[in-house]
Every structure is written in structure tokens, then in C-alpha cells.
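Breakdown of the fold
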Amino acid sequence: MDDKVEISFGDDAAPAGFAGTGIDNPVYQSETLLHFPDQQTDSSSKPLTLSFHDICFFAKIKKEEKQILDNISGIFCGGLNAILGPTGSGKSSLLDVLAGRKDPQNVSGKVLLDGKATPSDFRLMTGYVVQDDVVMGTLTIRENLSFSAALRLPQSLTSDERNHRVKQVIEELQLQKCADTKVGTELIRGVSGGERKRCNIGMELITSPRILFLDEPTSGLDANTASHVMKILHQMSQSGRTIIFSIHQPRFSIYRMFDTLVLLSAGRVAYHGLAAKSIDYFQENGYEIESHNNPADFFLDVLMGEVERNSQAGPSDEPLELLYARSEIKEEVDRKLASIWSVHQLSGGRSEENSGHRAGYKTSFARQIAIVSGRTVKNLIRNPQTSILQLVIMVVFGAIVGAIYWQVDQSYPAGLQNRYGAFFFIIMNLVFGNLDAVELFVKERRIFVHENASGFYRVSSYFLAKVFCDILPRRTVPTLIFCSIAYFMIGFQTDAAKCFIFALTMLSVAFAGASLAFLFSASVNVFAIGNLMIALCYVFMMLFSGFMVNIGTVLSWLQWIKWLSFFRYAMSAVSINELHGMEFYCSPGQNVTTICATGDQYLQQQNIKFDVPWDLWQNIVALASMALILLFLAYVQLRRIKKLR
């Protein structure tokens, strides 16, 4: 009795000459065990060959170093190259190592491109599609692709040339019908999951990369949509691209498209060769597949130890990696790897960058700021709920504060107390009104990490664009409206210079509060954590403002905190501006012409120096300086975010 079991997948799936596997890809008819491109092919259209030699990868898990990949070697050529394995087998880690997206300090071994060392900017020369969606949901598919084209294509290209490239990608991915539909957010209904995934792929195809990496391209898609996405990738692979992807459990209609297959088990190679030869390989080693079983499911069962090995073939507990190490397929892979390594040795270990082939940024610093700012403005306009609500709240609170402190007089102590209370209430409202700034970098963190790692823009360009587009519309305008309403309703001094200084102080404290929020936004991954941390900082600053407690009575070893308080600098500035030189008269019922107190006396009681103009302006300068320092620290934190895992 023949040990091999014939597999039937229906008449429409049965291939000519490959009834045992159901795979009809022409490349599988090759006599060799691995598919390699014809050496006579023109170099301009010849697929690139990516080889990896003795790759090891280590990662820290709970402060312990764990080996994820263990001496993995192989070759990927033109076509669909799949990395398959159970959860935790190292699929994504191997993909990231090959794509140059792992920290080199944690990787050993060598990755070669056509026999030469990969250049330092290899990740900028290739396309990498992450598992999660990293497109702006408020933009249409065409606008997202145009954003990629504007930043990743040479700046020397004309607008028409870039638009033509976007049109080509839309047609290649069959997105014509939904090209002008918004991708979609939690508040905006958008395109389907498959169209969203193809938009992610299109963002990488803009640069026409000859190597495309994809991490779980079918993740989160239904069976039919996943099959459609893979068919498009298969068509792309026929045009000379080398497509490498990790995948977990594909259906058979997807599996049959694979050219080369790598099976991983606990960070080691269990099989590497033609997908068409994989079933025969395992059956020859005593692992028999049942009729009508999906090969991908069968392989996962074998890797998980859920399929018993035929006792006649050998011990049941023999590791799969040892079976592969003794196989003819492994021998051929080793021969090919040795040949490639010899080419590498002859080239002296040089990389492609030594021949003048460098990627790098395609656009200038100024253009990057302009393009990212344009996208940010579109995002704000199409998702205006937060901005409108903030503006409404500022108007309402301005009216409430103005009504509570309506036209304060110069009586003592009521007029003096009300003015000082109004200062504190206004400053507190402006500072706490910037809590929403914490989401600035948290919300788009995944998009930023991917785009920066892929060479869309510099960190500085992104940071400045986001800060400018946030500070001007969402911090400046609401603050000025709030101050305009409250200032004149309360009845502060109407001198033009004093109005200007008050507005400048309020803008400075709003910018300082927003800058602290930006710092936490760039430092944490979760909005709630950043919100709690910044609220705690605001509370401590509020305590040392001089309103709730006289700073002079605080323990000497705690008084230093006052130098870090936005509230103290702002309270000092507006108090000097309004109270210096002001006289307060006795309360009604007494002689109203009698001067009971002066603003200068009150400032002295609060330990506020009021030599004008120096003591006034040093507080405003201190606020502006703190805002700039915090913005710089936020930029540093943004740069420290790991782009390589």
C-alpha cells in the first residue's frame, strides 16, 4: 500500500500534473527543489534574491534574554515567499530581521541582497506593510496614496507625474471604485477591510519597491477578502517583485499561490523549499495528511505535535528541524547559500551603498513640514468635534467667569479678593483646558512609528508640523476668545498695554500647559496614563501658585517646587500687571474716600516682587522658556521612540 494519500480539492482546484497537492502554479513544475530566477533574465526586471545566513535573534522578555530565532538560513527569490508557523514560532521576528526592522544589537548572522550586504538604509528601499492599519482614516484612499507619493517620490517630479503614479497604484490594487472614499474612523464610515488593507499596501507600492514585506496581510479579513488580497499580491509577484510575508493559517485557495515556503517551529526551520514539494516532504518523513485537509492546517498540526508520525519512518519524538537538516532540500539550500556567500566574499563584503545606491529622504525638510501640516489640517477639518467642543467650552467658561466676577470694584477687601480669585480661576481653566493635548502623539503613535521608519519624513518635520497645527488653532484662538470675554466682563483695567500683557501672559501659560501635555504624549502609549500624570503635575503646580498657601510659610526644603509652577509665574505676572499702583477704598458703610490698602501692599504680602518692568517680564519670559524647554524634551522623547523592534 502506498504511504502517500492523494488529496482532492474539487475539480476546479485540481491541477494538471499536481493532483497530490492541488497546486497549479507553473513555477512548481520546476525540476529543482527551490525556485530561482533565470540567470539570463535582464537585470532591470530580474527579481532580487534575498538570502539570510545563520540568523539568530534575541529579545528581552520580563528582563530575561530569550532566543527567538536560532541559526535560520534560507533564500527568497521572486514570487510569493511565505513564512508559516504557529503563534510564537518567530514568523514576525524573522520578517522584521530580513526587513532591517530589528535592533542590530539583538541580531547575529548576515542578510545579503543579490550576494551583497544590505545597505544601511535598506528599510527605506523596500516596502513594509505592518499588520495593523497605519493610514489616516479621515483621508480618502487617493489622498493617503498622494501623501506617500508627495514624501517618498523624488521632489524633482512634477505634480502630474506623482498623480500618475498614484493612479497606477490604484489600478494595480483594483481600488478605482473606492479611491475617493474616506478610509474611515470610529466616527466616520469608510471602506471595507480588504480595501483598507490594499490601501496600506498601496502606501508602500508608491515607490515601486522590488522587495515587499508584509506582516500577516490577511489578519482581520474574512476568507473571501483575504483571498482577494492575496490574488492581487500574486499578480504583483509575477511582474518581478520579491514578496515576503508572514501568515498564520491561510485557506487552501491562498496556500496554492505560494511559491516558496518556510515553516518555523520554536524559532527553528522545519521546512524551507517549494510549497509544492512540502506535502511530499512530510509524507516521506512519515507525516500523512488526511484527504480534503488544508495543507496549511496540516503543517500547523505537525508543528504543534498533533499529528503522529508513522513508526516505520522513524522515532516519533525526532525533532522536525533534524529531519530537515538531513534532507535533500536542505542540501540544495546549503549549496545555493554557499554559492551566494562566495559572491559576497568576492565583493569584499561591500554593500549596495558603496556603489552609490542610497535611498534616504526624497524631500526637503521644509516640504516635509508642509505636507505633514496639510494632512494634519485636513484631519482637523474632517474631525472637528474636539476643536468645536473646546471652543464652545472656552466661550461658556469665559461667560461664567465674567458673570461671577462681573465688573469688580475697587472696594477693600472684596474688590482685591475678587480680582485675585479671578486670576487664579482663569489660569486654572487655561491650564486644565490643555489636557486634551495629551492625545496629540498617542493617537497617531503607530502611524508615526511606521512612516518614520519607512522614510516618509524626519522626526523634526513631523514634530514641528503637529505642534504648529495644534498650537495655532487649538490653543491660541480659544485662549484669546476666553480672555476677551472674561477680561472685559470682569472689568480689569482697560489700558491697551495692560490688555496686551494680560493676553500675552495667558497665551504663555496655555502654551506651557500644552507643552507639558506634549511631553507626556510623546512619553506614554496610553492616553489615560498620560492624562493622570499630567493632572498630578498640574495639581502640584496649583498648590505652589501662592493662592492656596503663602509660599513664605512653606517648609524651606519644599519651596523649590515654586520654580516649576506655571501657576506661580502666571499669577505673579497678571497680579503685577493689574494690581501694581492700584488703590483700594474702604467698603460701603465706611468713608468710601479713604484708601484702605494698595495693590503694592498686597503684592508684598504675597512675596511677589513688583519692580516694573523687569519683575513683570521675567515671569512671562519664564513661562515662555518653560514652554520651549518642554517642547524640546517632547521632541527628544519622540526621537527616543523605538522605530526598530
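Residues numbered from 1 in each chain as written. Predicted model: local features only at pLDDT ≥ 70, side-chain atom pairs only at ≥ 80, totals over all residues. Heavy atoms only, no water.

Attention shifts here to the packing of aromatic side chains. Per the counting criterion, the structure on display carries 29 aromatic pairs. Judged by centre distance (6.4 Å) and plane angle (75 degrees), the rings of tyrosine 420 and phenylalanine 423 are edge-to-face. Of this pair, tyrosine 420 and phenylalanine 423 both sit in helix H14 (residues 414-432), separated by three residues, roughly a single helical turn. On the basis of relative accessibility, which here comes to 1%, the residue phenylalanine 423 falls in the buried class. Considering the side-chain rings of phenylalanine 423 and phenylalanine 492, the 5.2 Å spacing of their centres and the 40 degrees angle between planes classify their relative orientation as tilted. Here phenylalanine 492 lies in the loop between helix H17 (459-490) and helix H18 (496-523) and phenylalanine 423 lies in helix H14, a separation of 69 residues in the sequence. In this structure an aromatic cluster arises from ring pairing among Phe147, Phe441, Phe448, Phe456, Tyr457, Tyr462, Phe463, Phe518 and Tyr635. Above the ring of tryptophan 563, the side-chain terminus of arginine 568 is found at 4.6 Å from the ring centroid. (Phe/Tyr/Trp six-rings, centres within 6.5 Å; stacked < 30°, edge-to-face > 60°. Helix = DSSP H or I, 4+ residues; strand = E, 2+ residues; numbered from the N terminus. Buried < 20%, exposed > 50% of the residue type's maximum accessible area, 1.4 Å probe, protein only. Lys NZ or Arg CZ within 6 Å of the ring centre and 35° of its normal.)

Another point: the packing of H18 against helix H22 (residues 614-640). Following both chains from N to C, one finds H18 and H22 inclined at 20 degrees, their axes separated by 8 Å at the closest point. As the angle between them shows, H18 and H22 are arranged roughly parallel. Our pair here, H18 against H22, has a crossing hand that is left-handed. Tallied by class, the residues present in the contact of H18 with H22 amount to 19 nonpolar, five polar and no charged. (Axes fitted to C-alpha atoms, helices over the stretch in contact; angles between N-to-C directions. Parallel < 35°, antiparallel > 145°, perpendicular 65-115°, else oblique. Left-handed = near helix turned anticlockwise from the far one by under 90°. Nonpolar A, V, L, I, M, F, W, Y, C, P; charged D, E, K, R; others polar.)

Here we come to the sheet that holds strand S1 (residues 50-61). Sheet strands pair via backbone hydrogen bonds, and the direction of the pair is either parallel or antiparallel. Read across the sheet, four strands follow the order S2-S1-S4-S5 without closing on themselves; strand pairing throughout is antiparallel. The open sheet has two edge strands with one neighbour each: strand S2 (64-76) and strand S5 (116-117). Here helix H11 (residues 328-346) sits on the sheet and contacts S1, S2, strand S4 (107-113) and S5; the angle it forms with S2, its principal contact strand, is near 90 degrees. (Pairing = 2+ DSSP bridges. Contact = heavy atoms within 4.5 Å.)

Remember that the coordinates give geometry; whether it matters functionally is a separate question.
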